[in-house]
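Topology and contacts: notes
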Amino acid sequence: MPGDHRRIRGPEESQPPQLYAADEDELPAARDPTRLRPVYARAGLLSQAKGSAYLEAGGTKVLCAVSGPRQAEGGERGGGPAGAGGEAPAALRGRLLCDFRRAPFSGPRRRAPQGGGEERELSLALQEALEPAVRLGRYPRAQLEVSALLLEDGGSALAAALTAAALALADAGVEMYDLVVGCGLSLAPGPSPTWLLDPTRLEEEHSAAGLTVALMPVLNQVAGLLGSGEGGQTESWTDAVRLGLEGCQRLYPVLQQCLVRAARRRGAAAPS
Amino acid sequence: MASVALSEAEKVYIVHGVQEDLRVDGRGCEDYRCIEVETDVVSNTSGSARVKLGHTDILVGVKAEMGTPKLEKPSEGYLEFFVDCSANATPEFEGRGGDDLGTEIANTLYRIFNNKSSVDLSSLCISPREHCWVLCVDVLLLECGGNLFDAISIAVKAALFNTRIPRVRVLEDEEGAKDIELSDDPYDCIRLSVENVPCIVTLCKIGCRHVVDATLQEEACSLASLLVSVTSKGVVTCMRKVGKGSLDPESIFEMMESSKRVGKVLHMSLQSVLHKEESLGPKRPKVGFLG
């Protein structure tokens, strides 16, 4: 808002008060690098969405909704040779549109709702990780919309969003090859850098590098991978990926139980 | 990206060839196409470079501007990346079509430079909290022939090597008013050290093996690729899986080993070419766009 200089005689520029706040010298406590935070997952909670899921892991809270399949926008695309299993030819395959958003109150500083660059990048990462799992050939000329909303960022936000999105797709009854489970990692700097599984926000802030892995547990295929920072040599990153995949396998039974419970709830609620 | 229509028979031909370590143009799985690099092609920039990798043509211009340092890092300058996919590259980029790809490439570039060791940002500081150099790196995609990320990272490294930032001094008056003075000699500038600037190596999974530097046809046969950004010392700064398919964990580990090998060779040859070009001096014959 432009300053009203005729009535308010204040300074031209202003800085946020955090600059002058006392430095929080809070270092993250030492912990077992392979511990996963307890996860609470619930599917089928939004009445207006085809499928939905809510995931809470430590301080991270994500809500995800799936709508569709509905008619895809975009021009006519030609046909081609049909795929196996009665699937549509490559040009007529369905599309998956993903949207990742952070609520303005999700982090320590307020962010404008129109996040911009980072959210576009994470939406693309979400799409690239979910596409291998969804049988888009069974939804020709249709599009599925997945929207993930991060309510609170307590560390490994992208991993939680991936898991919630996969649960929501399964809850919507979309045909999938397998669930996608996401896991976050961060590298704690120091004399002997170690990779920590499922970091909290404090650990992420003090980290030298971060990595998110997405795994399809039954097929044992890596659906998504996104990492950056000063992680060191390739051996260090290889160890991190191995640790992440192990974490994803450990998380899978919790998600299976969540889906079973949601199916039972839906069965009990349906008028017979 | 630009798409090319391939028949099933052509795809099978490419896949079987890659199994035998023989690609359509005779290269091995870990060979790059012939890369041409030329720096200082645009005169209005602080540094520029043009890279031609097969049919992929990239032009990068770096302009150094004065700005205010970011609040969290008051004694460092920073880099900004802008990628423009020109409609010349492929008809799909007409109008707003190339924007998505442009944002994706820009975000990847931000990610690979998002660490302390790639570029020495403290040398870009003029006076803490007040003035710093902002390097605006503009990437122009002139022609798309496959393997965009690799070519763009090579061009960015060459342009940063070529960047000459004028030397300035901050003079303080008696009242405390600061004045910035530009040095009189136009050749008095600071250069950036590009020792630790990473290069992207894209490995496309085709069949059971992976290839480096895929052409458009090979990219159409591959469902998933791994993008690794390595420095000359083998330090990995970014890793990303690209594409619609999934990857086996074992192939990811193999691809990372390959990227380290390939990255080292790429960095060595790029360094030697850049130093050789610079040693030719300002009187060297410029090839430009007509060569």
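Residues numbered from 1 in each chain as written. Chains lettered and ligands numbered in written order. Predicted model: local features only at pLDDT ≥ 70, side-chain atom pairs only at ≥ 80, totals over all residues. Heavy atoms only, no water.

**A short note on the overall build of chain A**
Our working rule: Runs of H or I in DSSP of at least four residues are treated as helices and runs of E of at least two as strands, each being numbered from the N terminus. Note on exposure labels: buried denotes an accessible area under 20% of the residue type's maximum, exposed denotes more than 50%, and partly exposed covers the range between, all computed with a 1.4 Å probe on protein chains only. When checking whether two residues touch, look at their non-hydrogen atoms; a contact exists if any pair is within 4.5 Å.
Summing up its helical and strand segments, chain A has four helices and nine strands in all. For chain A, the α and β elements follow one another from N to C terminus as β-β-β-β-α-β-α-β-β-α-β-β-α. The buried share of chain A, taken over its 272 residues, is 44%. For chain A, restricting intrachain contacts to residue pairs at least 6 apart in sequence, the fraction spanning at least 24 positions comes to 68%.

**Focus on the sheet that holds strand E12 (residues 209–212) of chain B**
What counts, and what does not: Paired strands are those between which DSSP finds at least two bridges. To get an axis, fit a line to the C-alpha atoms, keeping to the stretch in contact for a helix; angles then go from 0 to 180 degrees between the N-to-C directions.
Overall, antiparallel pairing links the eight strands, which are arranged E7(A)-E6(A)-E8(A)-E9(A)-E14(B)-E13(B)-E11(B)-E12(B) in an open sheet. The open sheet has two edge strands with one neighbour each: strand E7 (194–197) of chain A together with E12 of chain B. Going across the sheet, the axis of each strand differs from the next one's by a mean of 25°, ignoring polarity. On the sheet, helix H2 (residues 157–171) of chain A packs against strand E6 (181–188), strand E8 (209–216) and strand E9 (221–229) of chain A and is oriented at approximately 170° with respect to E6(A).

**A short note on helix H5 (residues 249–279) of chain B**
We count it as follows: Each helix should span, by expectation, one fewer than its residue count multiplied by 1.5 Å.
Helix length check: H5(B), at 31 residues, gives a terminal C-alpha distance of 45 Å against a target of 45 Å (1.5 Å per residue), a fit within 8%. Of the residues trailing H5(B), Gly281(B) is marked for its positive phi of about 80°.

**What about the UniProt feature "domain: Exoribonuclease phosphorolytic" (unreviewed entry) in chain B?**
Residue and element names in this part refer to chain B. Formally: UniProt positions are given in the numbering used here, feature names are shortened, and annotations may be inferred rather than shown by experiment.
Here the UniProt-annotated "domain: Exoribonuclease phosphorolytic" (unreviewed entry) positions come out as residues 32–166 and 196–261. The span residues 32–166 carries 21% helix and 38% strand; its end-to-end C-alpha distance comes to 36 Å. What you have in residues 196–261 is 29% helix and 41% strand, and the ends, taken at the C-alpha atoms, are 16 Å apart.

**Some thoughts on the interface of chain B and chain A**
Stated precisely, the cut-off is as follows: The term buried area denotes the loss of accessible surface (1.4 Å probe radius) that occurs when two parts are joined, taken as the sum for both partners. We define a salt bridge as a contact between a side-chain nitrogen of Lys or Arg and a carboxyl oxygen of Asp or Glu at a distance within 4 Å. Polar contact is defined as a pair of N or O atoms within 3.5 Å, subject to the rule that within protein one atom must be able to donate a hydrogen and the other to accept it, and that residues adjacent in sequence are counted only when both atoms are side-chain atoms.
If you look at the interface, chain B gives 34 residues, while chain A gives 36 residues. When residues of chain B are sorted by the area they lose upon contact with chain A, Arg111(B), Met239(B) and Phe253(B) head the list and together hold 20% of the total. There are three salt bridges connecting chain B and chain A. In this structure, Lys260(B) and Glu235(A) form a salt bridge, with 3.3 Å as the shortest nitrogen-oxygen distance. If you look at where chain B meets chain A, you find 17 residue pairs in polar contact (both at pLDDT 80 or more). Those elements that place two or more of their residues in the side of chain B that touches chain A are helix H2 (99–112), strand E14 (236–243) and H5 of chain B.

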